[in-house]
Structures are given as C-alpha cells and as structure tokens.
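What the coordinates show
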Amino acid sequence: MSEPWTCPFCALLCDRYTVAHTAPPALVGSDCPRANDSLRHFDLSAPPAASPLVDGAPAALADALQAAADRLRAARQPLLGGLATDVAGMRALYRLAAACGAVVDHAHAESMQHGLRALQDRGQYTCTLAEIPERAELIVCIGALPGEAFPEFWRRAVRDGSPLRKVVFVGTPADARLRHDIEAESIDIDLVDALPLLNALVAERPVRESPPAIVALADALRASRYSVLVWEAPRLARHGALAVEQLQRLAGELNRTTRAATFMLGGNDGAATAQQVVTWLSGLPLRSRVARSGLDHQPLRFGASRLLADGAIDALLWVASFGPQLAPPDVTMPRLVLGHPALAASCSAPDTIFIPVSTPGIGSDGHLFRTDSVVALPLPRLVDDGLPTVARIADDLVERLG
Ligand code: SF4
C-alpha cells in the first residue's frame, strides 16, 4: 500500500486516496473508473521494458535525442503538440519552443478555448473546487454530467453538512453519480434556448414564452444565496465560447443581488497546466508561436489540427506522458513522440522518433494544476520507473539545439 497519492488522471487531482501495488494497480478508497482504467496501463512491480525507437529501430537514448534535435533543427515551422505533461515538463517544452521557433498547442486546447475567449471578451466569475461544498446552496449543471468524465466530482463538491439544497441539470439527465440524498431535477431543453431565457428571466426582462421549469430555475437562482453554474469544456459544441459568455453574463446579473459563480470542468492531461505555464512564461496563452523574432498568438490559426490540415508545419513533437490514450496524429512529416511506453507500438513508422518517458505521479514526482487553475498540487511518484522525464528530454534537446 502506498502513501496518500495525487491522482493525475483527470484535472480534479484527487489527493485523498491510495494505490494498492497489485497487478494491475488499484485505487483504494474510491471506485473511480477513470483512475482504475488509467492505472491498468502501469506495472509497479517492474521497470517498463521500453526503449527509444528511431524510424522503427531500437536506439540508444543519446542517438534518439541527437536524431530528434537534427530533425527539429531542419524544420522551418515545428509544432509542439499534445503537451500532456506536468509543470516542469511544460516549462522545459517552452524553452524548447523558444529554441526552435515552435508553435505550442495542447491536445485539449480547442475546448479550453471556450472559457478563454469568454474571459478575454467579458471577464469571468469563478470559484474554486474547495468553495463549492462550503458555500453552494444551488448547483446548476449547464449541459454538464460531471460524474462521467470527472467521476469524483460529487464527492468533492458535496459533503455532510454542506449548505447544498438542490442540483439542477439543464440539457442532460440527472447524473447517476450524484449522492441520492441530494434533491435533483433535470430540465430537458437545448442550451441554445435555455441560456438566453435564463438571462432574460433573471434580469427580469420580458419573455414571451418560457418552459415553467426554466422560470422556476430563474426564481431559484435569484433566491439562492450562493449558486454555482457548472459547465464542462469538452462537452460544449464548437462555438461554445458564446455559451460560456452567456453563463458569465448570468453569473454577473445574479451577483447584482446575491452570489453566483461559474465552475469549469476541463483541463485534463495537463491542459490546465500547459495553459498556466505558457501564460506565466510568455504573457500569452496556448496557440502561440515562440520565435526569436517575438511571440505571436493566433487562437484559430495556431490550433494543431488546423496547422496540420493547412500543411503549415513541417515537424511535429508530440507529448503524451499520462497514458497511451492520447496517440499522436498520423502525419507525413518528421514526428517526434515523447510518450507512455505503450505508445511505442503506434510509433514505429519511418520518420518517427519515439522516446518513452515517465508519467508524473506514477514513475516520477511532478506537479499539475487543478481544473480551477488556482491550485497546483504535488504528484508524489508511486515507484521510480527509471524513465526520463519530459523535462529532462526537452532540456537535453535545448542544449543540442544550442
Ligand atoms: S476523479 Fe479524476 S482525479 Fe479523482 S480519482 Fe478519478 S480520475 Fe483520479
């Protein structure tokens, strides 16, 4: 049995459970399916049998690093993508981006953009995860089912003695993982209709027709002394920034007379961390180019899938250290993958260099930012897996690039 541990497998970063060193390892103290599914990809009893690959052939680490540096040096416009790593890894990747003039974009940046664009346009009212069980009387999940992708959310958000009276799900069924002693209601309505109606009703603007359940919800929001509007970044449609803007407007209107905050669930696989680190190092968010000529932020043009579709990059460095799920895109350009050892099988193509790296919180120590982006938690390792960290590899590449 290990010491208390911080789980790195979603951005809630639960730090109240332990891990049994069984085969496969198992979470103790929670039935979280996401954590247990992720732990299956690790063997804590033996170091991973993985070696670097250069174009499908096993290679010494130094040779793989030199080949990777040569390919990055030859590229006119590289992209550092995936970026599933911890704080130290992301800091080193930023230095690497500066050394080769790369664009940086996280695998989940598209969904993170919704909140970012709304923040840039309108500002935001948010709360921390710790505030919810202390203060929330009413939680409204806007198109969100937290228990599916963030299975421990309700245990973190509700506890005995919480002031919470009710949870309302707008646009989804009630969440099966919500405590059964909490009153729940589900309103079957499209968010495109629900959000303008709620805004108008809360602001007491005339509304021609509204479902009675939405009228009742608007009344409940106005009567509640503290409401939290929960939304889930990955569940929002492509133009989700408009929905988030409406949510922020709703929170703003409520804050004229009572208290309300929004709470975003998202930022998995180090996305919240990558956004924080790039912003504090450069003053600009993800989807920026870090070139000698200066910084350039293009929220649409520098999205990884758009850069790939436009043929605007000629080398890809992909980072996926938390597991094999975040596979690198299939591309016809030099591809450098720093990944979980199980990704080796999909990284044996020509023009691909694969370097297995340690997983923060499993085989090496690290830090990650939580979904609310205000708390960075330490990730003590479960074992020493002997693999290099992303930070070590990126720093080595910086040195080789001079
Ligand atoms: S909810 Fe997320 S952080 Fe918590 S145990 Fe499950 S996967 Fe890990």
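That block above? That's the structure.
Criteria and thresholds
- Residues numbered from 1 in each chain as written.
- Predicted model: local features only at pLDDT ≥ 70, side-chain atom pairs only at ≥ 80, totals over all residues.
- Heavy atoms only, no water.
- Buried < 20%, exposed > 50% of the residue type's maximum accessible area, 1.4 Å probe, protein only.
- Helix = DSSP H or I, 4+ residues; strand = E, 2+ residues; numbered from the N terminus.
- Pairing = 2+ DSSP bridges.
- Right-handed = clockwise from strand over helix to strand, strands pointing away.
- Axes fitted to C-alpha atoms, helices over the stretch in contact; angles between N-to-C directions.
- Parallel < 35°, antiparallel > 145°, perpendicular 65-115°, else oblique.
- Left-handed = near helix turned anticlockwise from the far one by under 90°.
- Contact = heavy atoms within 4.5 Å.
- Nonpolar A, V, L, I, M, F, W, Y, C, P; charged D, E, K, R; others polar.
- Core = buried A, V, L, I, M, F, W, Y, C linked by side-chain atoms within 4.5 Å.
- Salt bridge = Lys/Arg side-chain N within 4 Å of Asp/Glu carboxyl O.
- Near = heavy atom within 4 Å.
- Phe/Tyr/Trp six-rings, centres within 6.5 Å; stacked < 30°, edge-to-face > 60°.

**Things to note about the pairing of strand β10 (residues 227-232)**
Counting buried residues along β10, six of its six residues qualify, which places the element largely inside the surrounding structure. Here β10 shows a buried face lined by Ser-227, Leu-229 and Trp-231 and a second buried face lined by Val-228, Val-230 and Glu-232. Examined bridge by bridge, strand β7 (residues 138-142) and β10 share four bridges and lie parallel to one another. Bridge pairing links Cys-141 to Val-230 in β10. Direction of pairing for β10 relative to strand β11 (residues 260-265): parallel, over a ladder of six bridges. Its bridge partner lying in β11, Val-230 is registered against Phe-263. Handedness of the β10-helix α10 (residues 240-254)-β11 crossover: right-handed.

**Side note on the packing of helix α3 (residues 87-100) against helix α13 (residues 390-401)**
Across the interface, α3 lies against α13 with an axial gap of 8 Å and an inter-helix angle of 20°. As summarised for this structure, α3 and α13 are arranged roughly parallel, according to the angle between their axes. In terms of crossing hand, the pair formed by α3 and α13 is left-handed. Contacts between α3 and α13 pair Ala-88, Gly-89, Ala-92, Leu-93, Arg-95, Leu-96, Ala-99 and Cys-100 from the former with Val-390, Ala-391, Ala-394, Asp-395, Leu-397, Val-398 and Leu-401 from the latter. Class assignment for the residues of the contact of α3 with α13 results in 12 nonpolar, one polar and two charged.

**Section: the nonpolar core**
With 42 residues, the main nonpolar core has Leu-80, Leu-93, Leu-96, Leu-317 and Leu-397 as its most contacted residues. For this core, the elements supplying multiple residues, two or more each, are α2 (61-74), β5 (78-84), α3, α11 (271-282), β14 (315-320), β15 (335-339), β16 (352-356) and α13. The greatest single-element share of this core, amounting to nine residues, is contributed by α3. Those residues in contact with Leu-93, other than ones at most four positions away along the chain, are Leu-80, Leu-83, Thr-85, Leu-317, Val-319, Val-390 and Ala-394. Counting residues in hydrophobic clusters, the runner-up holds 40 residues, among them Leu-12, Tyr-17, Val-19 and Leu-129.

**Details of the pattern of salt bridges**
Note that side chains of opposite charge can pair when their charged atoms are close. Under the definition given, this model contains 29 salt bridges. A salt bridge links Arg-287 to Asp-105; the shortest N-O distance between them is 3.1 Å. Of this pair, Arg-287 sits in the loop between α11 and β12 (288-291) while Asp-105 is found in the loop between β6 (103-104) and α4 (109-122), placing the two residues 182 residues apart along the sequence. Take Arg-287: its relative accessible area is 4%, and that puts it in the buried class. A relative accessible area of 2% places Asp-105 in the buried class.

**Side note on unusual backbone geometry**
Cis geometry is found at the peptide bond from Ala-23 to Pro-24, where omega equals 0°. Assignment of secondary structure puts Pro-24 in the loop between β1 (18-20) and β2 (26-28). Of note, the phi angle at Asp-55 is positive, near 55°, even though the residue is not glycine. Mapped onto the elements of the fold, Asp-55 is located in the loop between β3 (53-54) and β4 (57-58). In the Ramachandran plot, Ser-373 falls in the positive-phi region, its phi being about 60° despite a non-glycine side chain. Its location among the elements puts Ser-373 in the loop between β17 (366-369) and β18 (376-379).

**Some details on the site of the ligand**
For the ligand, the full set of nearby residues is Cys-7, Cys-10, Leu-12, Leu-13, Cys-14, Cys-32, Arg-34, Ala-35, Pro-151 and Glu-152. Along the lines of polarity and charge, the residues of the shell around the ligand split into eight nonpolar, no polar and two charged.

**Comments concerning the packing of aromatic side chains**
In total, this model carries six aromatic pairs according to the counting rule given. Consider the rings of Phe-9 and Phe-42, whose centres lie 6.0 Å apart with planes at 35°: the pair is tilted. Of this pair, Phe-9 sits in the segment before β1 while Phe-42 sits in the loop between α1 (33-39) and β3, placing them 33 residues apart in sequence. Like Phe-9, the residue Phe-42 is buried in the burial classification. Considering the side-chain rings of Trp-154 and Phe-169, the 6.0 Å spacing of their centres and the 70° angle between planes classify their relative orientation as edge-to-face. Here Trp-154 is found in helix α7 (residues 153-157), whereas its partner Phe-169 is found in strand β8 (residues 166-170), with 15 residues between them in sequence. Since its relative accessible area comes to 0%, Phe-169 is described here as buried. One aromatic cluster in this structure is built from Phe-153, Trp-154, Phe-169 and Phe-263.

**Thoughts on the environment of Ala-99**
With respect to the secondary-structure elements, Ala-99 resides in helix α3. The spacing of Ala-99 and Gly-89 is 10 residues in sequence and 15 Å in space, taken between C-alpha atoms. Apart from residues no more than four positions distant in its own chain, Ala-99 is found in contact with Arg-292, Val-398 and Leu-401.

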